[in-house]
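Residue-level structural notes
Chain by chain, the residues:
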Amino acid sequence: MENYLNENFSDVKAKNTSEEALQRWRKLCGFVKNKKRRFRFTANLSKRFEAEAIRRSNQEKFRVAVLVSQAALQFIHGLNLSSEYTVPEEVAASGFQICPDELGSIVEGHDIKKLKVHGGVEGIAEKLSTSITDGISTSEHLLNRRKEIYGINKFTESPARGFWVYVWEALHDMTLMILAVCALVSLVVGIATEGWPKGAHDGLGIVMSILLVVFVTATSDYKQSLQFKDLDREKKKITVQVARNGFRRKISIYDLLPGDIVHLCMGDQVPADGLFVSGFSVLINESSLTGESEPVNVNALNPFLLSGTKVQNGSCKMLVTTVGMRTQWGKLMATLSEGGDDETPLQVKLNGVATIIGKIGLFFAVVTFAVMVQGLFTRKLQEGTHWTWSGDDALEILEFFAIAVTIVVVAVPEGLPLAVTLSLAFAMKKMMNDKALVRHLAACETMGSATSICSDKTGTLTTNHMTVLKACICEEIKEVDNSKGTPAFGSSIPASASKLLLQSIFNNTGGEVVIGEGNKTEILGTPTETAILEFGLLLGGDFQAERQASKIVKVEPFNSVKKQMGVVIELPEGGFRVHCKGASEIILAACDKFLNSNGEVVPLNEAAVNHLNETIEKFASEALRTLCLAYMEIGNEFSADAPIPTEGYTCIGIVGIKDPMRPGVKESVAICRSAGITVRMVTGDNINTAKAIARECGILTDNGIAIEGPEFREKSDEELSKLIPKIQVMARSSPMDKHTLVKHLRTTLGEVVAVTGDGTNDAPALHEADIGLAMGIAGTEVAKESADVIILDDNFSTIVTVAKWGRSVYINIQKFVQFQLTVNVVALIVNFSSACLTGNAPLTAVQLLWVNMIMDTLGALALATEPPNGDLMKRSPVGRKGNFISNVMWRNILGQSLYQFLIIWYLQTRGKAVFRLDGPDPDLILNTLIFNTFVFCQVCLSTRIRSTEP
């Protein structure tokens, strides 16, 4: 069976499965009792094709719009444009001067002419009653008026299905419908021949059993749907930074309104349609909306930002103009939301198992019916009554047919694929409580097979609460006392050097120091930026004063490939200056001068280079992250289009940032090792910092190798194959180094790889890995969208919990499969052999329906929702090539089936004699005894399977 499943159902992968593969397995599952139920938790391919058509339409529409806007630009300069636009009365009455349809046509149509007519971005802001600096008012009354006119930032979702819909779908089971017809005929014939109520017993018994099965099934399915609804709600929780009432705050994207001023940075998703207000180096990836992979430059000349696109580079402020279903993204998401998740490999495999067993069951059902009917004909021939048929004979044939149909009901394990969904839904709900949000169902089961985890250092193995602990400025190393401030440190730095240092800190940053509500000073930005800005404030610097003293001309945001960021400022006294900061070795290599102890600029000689390199190594060996700050004068002329220089800098100093190891990480790494999972650290930090943290965590062992990204890149494929199994730490790595490592682990070494990531550039590695794990706190929206699981607390221990739950899901489903296949085999053999040898079946249609309910729904609830235990992480991982139905499981299935069959067969052949059944209706009593024995066998079986590992 395993070979058959691998040949026909292995095309569906845990992620990135082709549409052809998804269609192919559906065609193979031709024998399905209830398509509505069997394929409920599978992708809606027709809706996906519809969404793709919308994307293609968008691509063409926006391409034409760009061409038209470019042509319009050539004509509108110098023209006196007059507006023919009339403000609708209801809009004017609410205090606004532009309607939502006009706003939508400007941004979606990239209509430069209309934008100019309305006074540009400033004019649109004025007509929306907002301020480009302070944002909209937070008055409840004004917000409600804005919502009434412009709508809310939510897309239309299909309404939640009620309980009775699931009841209706459960009734669509083909075999249950046939049995219902049988029950109706049985009622009519029974009452006609035997009268009421005796003649109605069999028919009513079947009807009651069908209704019970339907309601139990519907209740289980309905509860699953509620769990998925809760998880979907969690997936959509995205927050953005906005300015309202002059204060910066975080709000949900669903609370955005036209007029809001949103602050976007690299990796963010554009939350609504809008206009560029200000910013630097903004590149927008529109592939999610249009399918076009080439990024678009957004600036004052091309100010249009579309909802659902991603900020690939740079940062900016945007004015929200259109929200919700008025945007193309809203319409696309309304369609995509109905597309559903891809089915998981286990769901597909178990659909294959259900199909095989269904065909076997159908064969046995037909043979059983034929044998029992032949037995009836033989008996009537012997009695000489074959030409006279009574109502009792018709009822007997109807009972035979009902038994045959019920064998199909029991034999086709319709609940098998749904048991996977039940187990996954249960695990996903529990993992939410453990701070892990599963975005794709398949990630749950794949994580149970993981053999390797490639983890970031910062924020995952460490706390991500950073502070500057040491600094080397003007050849002097000093400790920074964050509790008391650093007046002594600041006073020991020459005034000229201090001025340069503060100018570098406050201008060359991706963060901000703002005054929040309650007049509190807040530092916004990444933990690294926050630590540096806090250091600047402790030195006595003033963020706003420094920003106002000079004008920023060009910004190159931090890039994980270059490992540095730079800014060009225009000085108040004239001239331009570049400030640069980043990885210490890289920035230091670009310097040819430094500030000496007197704050003077002097050439960087060998002694100074050695001193600075020793300082970097000293800081790194103490597990401090090191950053180098440098600057360069570039004369009186600089074009914003020119690149920032890469050499000729003057080193201002080096700072050492402390990022302590998270509590519990060492224990979690030890658990992974005992579970056969290799943990590797992949970081952009200095190799000595990485090695110090790795040893502290227990990742780097005596036999392991620590390597730097540049050295790793130079290795051939053959060298990598030998080297990668020994690599435990990779420092100064680029996103492509991480991608290469993951690819080799998966393809060359056949490992199942989980990878963590938080930045925009981590998306390729997250996509390539078997399980992509994005950080919920530090992660960008681009990284989260590429991931399969979001670690909400950015903690490595949570990753280990996800692995534990993954193993639990895999084993729970194995337990349920073992239970259900055993019951299938026993029910088939007992009824078939009894029909062939004795001419009747000991298990009636009503009894088999009860058994079906026990094993299909209640069995799944009992076995598929077991929480993980500690012993799970002491087993070796299944890996990529493990058989789902193992040899041990086959042994247990066949052994249990044989054991149960022998007991029931003994009761059937010797039961009357053993229990001295010689009174009235001994066959009825014996069959009742056999049924009870059969049920108790299943209860004992479920208890045994639950307490042992497959």
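Residues numbered from 1 in each chain as written. Predicted model: local features only at pLDDT ≥ 70, side-chain atom pairs only at ≥ 80, totals over all residues. Heavy atoms only, no water.

Turning next to the overall build of the protein chain. When helices and strands are counted, the protein chain shows 35 helices and 26 strands. Counting all 950 residues of the protein chain, 54% fall into the buried class. When the accessible area of the protein chain is evaluated, it comes to approximately 40,400 Å², of which 56% is carbon and sulfur surface. (Helix = DSSP H or I, 4+ residues; strand = E, 2+ residues; numbered from the N terminus. Buried < 20%, exposed > 50% of the residue type's maximum accessible area, 1.4 Å probe, protein only. Areas by Shrake-Rupley, 256 points an atom, 1.4 Å probe, with all protein chains shown as cover.)

So, on to helix 8 (residues 120–127). Inspection of helix 8 places G120, V121, G123, I124 and A125 among the buried residues, and these make up the whole buried set. Looking at the buried residues of helix 8, the elements they touch are helix 6 (100–108), helix 7 (112–117), strand 4 (273–285) and strand 7 (310–322). Count one or two residues on from helix 8 and you reach S129, which has phi positive near 55°. (Contact = heavy atoms within 4.5 Å.)

To continue, consider the environment of F915. Mapped onto the elements of the fold, F915 is located in the loop between helix 34 (887–914) and helix 35 (922–947). In contact with F915, other than residues within four places in its own chain, are L907 and L929.

Attention now moves to the packing of helix 24 (residues 606–621) against helix 26 (residues 687–697). Packing of helix 24 against helix 26 leaves a shortest axis separation of 7 Å and a crossing angle of 15°. By the criterion of interaxial angle, the relationship of helix 24 to helix 26 is roughly parallel. Crossing handedness for the pair helix 24 and helix 26: right-handed. Note on element contacts: helix 26 touches helix 24 through N688, T689 and A692, opposite E617, A620 and S621. (Axes fitted to C-alpha atoms, helices over the stretch in contact; angles between N-to-C directions. Parallel < 35°, antiparallel > 145°, perpendicular 65-115°, else oblique. Left-handed = near helix turned anticlockwise from the far one by under 90°.)

Burial analysis of strand 15 (residues 564–570) places five of its seven residues in the buried class, which makes it a mostly covered element. Across six bridges, the pairing between strand 14 (residues 551–559) and strand 15 is antiparallel. Residue pairing in the sheet places N559 in a bridge with Q564 of strand 15. Turn length for the strand 14-strand 15 hairpin, with the two strands adjacent in sequence and antiparallel, is four residues, and the turn residue K563 shows positive phi of about 60°. Across seven bridges, the pairing between strand 15 and strand 16 (residues 576–583) is antiparallel. (Pairing = 2+ DSSP bridges.)

At a minimum axis separation of 9 Å, helix 32 (residues 796–838) and helix 34 run at an interaxial angle of 35°. By crossing handedness, the relation of helix 32 to helix 34 is classed as right-handed. Class assignment for the residues of the contact of helix 32 with helix 34 results in twelve nonpolar, eleven polar and no charged. (Nonpolar A, V, L, I, M, F, W, Y, C, P; charged D, E, K, R; others polar.)

Formed by 66 residues in total, the largest nonpolar core has its most connected members in M447, I771, V789 and F796. The element contributing the most residues to this core is helix 32, with eleven residues. Among all residues touching F796, those that are not within four sequence positions of it are I453, S455, T460, L461, R662, V665, S668, V669, C672 and V679. Counting residues in hydrophobic clusters, the runner-up holds 36 residues, among them F400, A864, F901 and L926. (Core = buried A, V, L, I, M, F, W, Y, C linked by side-chain atoms within 4.5 Å.)

Strand pairing in a sheet relies on backbone hydrogen bonds. The paired strands run either parallel or antiparallel. Reading across the sheet, the eight strands line up as 8-26-25-24-9-21-23-22 and stay open at both edges, with mixed pairing between neighbours. The open sheet terminates on both sides in strands that have one partner only, identified here as strand 8 (436–438) and strand 22 (705–708). Between one strand axis and the next, the sheet turns by 20° as a mean value, whatever way the strands run. Pairing of strand 22 with strand 23 (residues 727–731) involves four bridges; the strand directions are parallel. From the neighbouring strand, A706 faces strand 23, where its bridge partner is V729. Lying over the sheet, helix 32 contacts strand 8, strand 9 (452–455), strand 21 (678–682), strand 24 (753–757), strand 25 (771–775) and strand 26 (789–791), oriented at roughly 145° with respect to strand 26.

The subject of this paragraph is the side chain of H118. With respect to the helices and strands, H118 occurs in the loop between helix 7 and helix 8. If we skip the residues at most four places from it in the chain, H118 touches Y85, I98, E102, I106, G123, I124 and K127.

Interpreting fine coordinate detail is not advised for predicted regions of low pLDDT. In the predicted model, the protein chain carries a mean pLDDT of 82, and the fraction of residues at 70 or more is 86%. The weakest mean pLDDT in the protein chain belongs to helix 4 (residues 45–76) at 60; the strongest belongs to strand 16 at 94. Confidence drops under a pLDDT of 50 for residues 76–81, and excluding neighbours within four residues, the segment shows seven contacts in the predicted structure. (pLDDT = per-residue confidence, 0-100.)

Inspection of every chain in the model, using the stated rule, returns eleven aromatic pairs. Judged by centre distance (5.8 Å) and plane angle (90°), the ring pair of F506 and F543 falls under edge-to-face. Taken together, the positions of F506 in helix 20 (residues 495–507) and F543 in helix 22 (residues 543–549) put the pair 37 residues apart, joining distant regions of the chain. Take F506 and F543: they sit in the same class, and that class is buried. (Phe/Tyr/Trp six-rings, centres within 6.5 Å; stacked < 30°, edge-to-face > 60°.)

Right, let's get into the pattern of salt bridges. Per the counting criterion, the structure on display carries 23 salt bridges. We note a salt bridge from R732 to E585, for which the minimum N-O separation is 2.6 Å. Placement of R732 in the loop between strand 23 and helix 29 (735–747) and of E585 in helix 23 (residues 584–589) is noted, with a sequence separation of 147 residues between them. (Salt bridge = Lys/Arg side-chain N within 4 Å of Asp/Glu carboxyl O.)

Right, let's get into a nonpolar patch on the surface. On the surface, W164, M208, L211 and F215 cluster together into a nonpolar patch covering about 440 Å² of accessible area. No other element matches the three residues that helix 12 (residues 201–235) contributes to the nonpolar patch. Note that M208 resides in helix 12. (Patch = residues over 30% accessible without salt bridge, like charges linked within 9 Å, V, L, I, M, F, W, Y side chains within 5 Å.)

This part is about unusual backbone geometry. Glycine aside, the phi torsion of most residues is negative, and most peptide linkages are trans. One non-glycine residue, H110, lies in positive phi territory at about 50°. Note that H110 resides in the loop between helix 6 and helix 7. Positive phi, close to 55°, is recorded for C474, a residue that is not glycine. Within the secondary structure layout, C474 lies in the loop between strand 10 (467–473) and strand 11 (476–479).

The next point concerns the pairing of strand 11. Pairing of strand 10 with strand 11, which is carried by four bridges, proceeds in the antiparallel orientation. Bridge pairing in strand 11 links K470 to E479.

Attention now goes to the side chain of S94. For S94, the location among the structural elements is in the loop between helix 5 (89–93) and helix 6. The class for S94 is buried, based on a relative accessible area of 11%. With residues near it in sequence (within four places) discarded, S94 still touches R145 and I149.

Looking at the secondary structure, you find F638 in the loop between strand 19 (624–633) and strand 20 (649–658). Relative accessible area serves as the criterion here: at 18%, F638 is assigned to the buried category. Residues F638 and G575, 63 residues apart in the sequence, show an inter-C-alpha distance of 8.7 Å. Look past the residues within four positions of F638 in its chain and what remains in contact with it is V553, K554, V568, F576 and P643.

Moving on, we come to helix 21 (residues 527–538). A rise of 1.5 Å per residue sets the reference length of helix 21, with its twelve residues, at 16 Å; its end C-alpha atoms lie 16 Å apart and thus fit the reference within 8%. Two residues or fewer after helix 21 comes G540, characterised by a positive phi angle close to 95°. (Expected span 1.5 Å × (residues − 1).)

It is worth spelling out the state of the cysteines at this point. Under the criterion given, the structure shown has zero disulfides. Between C591, a cysteine without a disulfide, and C651, which holds the nearest cysteine sulfur, the sulfur-to-sulfur distance is 5.0 Å. (Disulfide = S-S within 2.5 Å.)

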